Protein chains: 2
Amino acid sequence: MGATKTDHFTDKQNAIATLAKALGHPARVAIVDYLLKVDACICGDIVNELPLAQPTVSQHLKELKNAGIIKGEIEGNTICYCLDKNSIDKLQSYFANISIKLETKKKDCC
Amino acid sequence: MGATKTDHFTDKQNAIATLAKALGHPARVAIVDYLLKVDACICGDIVNELPLAQPTVSQHLKELKNAGIIKGEIEGNTICYCLDKNSIDKLQSYFANISIKLETKKKDCC
DNA sequence: AATCTTTATTGTAATATTGCAATATAAAAA
DNA sequence: TTTTTATATTGCAATATTACAATAAAGATT
């Protein structure tokens, strides 16, 4: 095998997994960090920021976009990619909820 | 190639990527959800909860543990795995920070 | 001790990911 | 229009992931 059985899990579980997976590579975390650092969407020099070749960066951007972490399109000679706050918030609230529930958990044997 | 160039990114980026990657599969999200739902650490029936064979579940648990999402050991006939609040909090604060920064961002072209 | 129960490990096949060179595409500049 | 600049796509090789059958390991039960 090797293919993930996504149809056996809930939509929410699949949604979280998709978002998390997109950030499961340091290059993509670095892209997110960069998009956050530069207070603009004209980010044509992501390639220069990363220790990766241009096609590789382009591929990572594509995956971030497919997962919904970033949005935007290219505009002429410059790309215009922004973080999608909606997706970030989904992740944030998912983990916040876990954290709160763990806080009030009685039995903690580990 | 195929190997990730982890040495070219910051420790924090690698740390976030490792945690996110561990949750980048719906089965592992389902395991986290289950560990949170059952208010105890004796969780010997995770296998019955998931649509996966026992070795596969064991492997996913191993990956969650390696990444630091869960902690614990087996105790006799029952496993005792708990969520590691520290890791969850790392993810939560990472995304919360992004969300806050996005909130106050001036230029949003997308 | 022999058996049962539970989890881990090994081996293997199928599939996915990562990375880049080469090339294509498309808008901007000359 | 030609050239430049910036990004995307294709094709391919190396590696990683996913899944499970078979088996091992180890504590619990009889």
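Structure: see above.
Below you will find a few notes about this structure. (Residues numbered from 1 in each chain as written. Chains lettered and ligands numbered in written order. Predicted model: local features only at pLDDT ≥ 70, side-chain atom pairs only at ≥ 80, totals over all residues. Heavy atoms only, no water.)

### What to know about the overall build of chain A
- Looking only at helices and strands, chain A features 5 helices and 2 strands.
- If you list the helices and strands of chain A from N to C, you get α-α-α-α-β-β-α.
- Across the 110 residues in chain A, those meeting the buried criterion constitute 49%.
- Across chain A, contacts joining residues at least 24 apart in sequence account for 46% of those joining residues at least 6 apart. (Helix = DSSP H or I, 4+ residues; strand = E, 2+ residues; numbered from the N terminus. Buried < 20%, exposed > 50% of the residue type's maximum accessible area, 1.4 Å probe, protein only. Contact = heavy atoms within 4.5 Å.)

### So, the side chain of A:Arg28
- Mapped onto the elements, A:Arg28 comes out in helix H2 (residues 26-37).
- When neighbours within four sequence positions are excluded, A:Arg28 is seen to be in contact with A:Lys21, A:Ala22, A:Leu23, A:His60, A:Glu63 and A:Leu64.

### Quick word on H2(A)
All names here are of chain A.
- Taking 1.5 Å of rise per residue, 12 residues should cover 16 Å, and H2 covers 16 Å from first to last C-alpha, within 8% of that figure.
- With respect to burial, H2 is a largely interior element, 10 of its 12 residues being buried.
- Listed in full, the buried residues belonging to H2 are Pro26, Ala27, Arg28, Val29, Ala30, Ile31, Val32, Tyr34, Leu35 and Leu36. (Expected span 1.5 Å × (residues − 1).)

### Overview of the nonpolar core
- Core analysis: the biggest nonpolar cluster contains 67 residues, and A:Ile69 and B:Ile69 have the highest contact counts within it.
- A:Ile69 has contacts with A:Leu19, A:Ala22, A:Leu23, A:Val32, A:Leu64, A:Cys82, A:Leu83, A:Asp84, A:Ser87 and A:Leu91, leaving out every residue within four places of it along the chain. (Core = buried A, V, L, I, M, F, W, Y, C linked by side-chain atoms within 4.5 Å.)

### Focus on the packing of aromatic side chains
- One pass over the structure, following the stated rule, counts 3 aromatic pairs over all chains.
- Measuring from centroid to centroid gives 5.3 Å for A:Tyr94 and A:Phe95, while their planes differ by 70 degrees, and the two rings are edge-to-face.
- Overall, the relative accessible area of 6% leaves A:Tyr94 in the buried class.
- Put simply, the rings of A:Tyr94, A:Phe95, B:Tyr94 and B:Phe95 touch in pairs and so form one group of aromatic residues. (Phe/Tyr/Trp six-rings, centres within 6.5 Å; stacked < 30°, edge-to-face > 60°.)

### Examining helix H1 (residues 11-22) of chain B
- In this model H1(B) runs 17 Å from its N-terminal to its C-terminal C-alpha over 12 residues, within 8% of the 16 Å that 1.5 Å per residue would give.
- Turning to H1(B), its buried residues are B:Gln13, B:Asn14, B:Ile16, B:Ala17, B:Leu19, B:Ala20 and B:Ala22.
- Tucked into the core, H1(B) has its buried residues touching helix H1 (11-22) and H2 of chain A together with helix H2 (26-37), helix H4 (54-67) and helix H5 (85-103) of chain B.

### So, the packing of H2(A) against H1(B)
- Taken N-terminus to C-terminus, the directions of H2(A) and H1(B) make an angle of 115 degrees; their axes are 8 Å apart at the nearest point. The crossing of H2(A) and H1(B) is right-handed. Note on element contacts: H1(B) touches H2(A) through B:Gln13, B:Asn14, B:Ile16 and B:Ala17, opposite A:Pro26, A:Val29, A:Ala30 and A:Asp33. (Axes fitted to C-alpha atoms, helices over the stretch in contact; angles between N-to-C directions. Left-handed = near helix turned anticlockwise from the far one by under 90°.)

### Brief notes about the packing of H2(A) against helix H4 (residues 54-67) of chain A
Residues and elements named next belong to chain A.
- In the contact formed by H2 and H4, the axes pass within 10 Å of each other and the chain directions differ by 75 degrees. Between H2 and H4, the angle falls in the class roughly perpendicular. Contacts between H2 and H4 pair Ala27, Arg28 and Ile31 from the former with His60, Leu61, Glu63 and Leu64 from the latter.
- The class makeup of the residues in the contact of H2 with H4 is 4 nonpolar, 1 polar and 2 charged. (Parallel < 35°, antiparallel > 145°, perpendicular 65-115°, else oblique. Nonpolar A, V, L, I, M, F, W, Y, C, P; charged D, E, K, R; others polar.)

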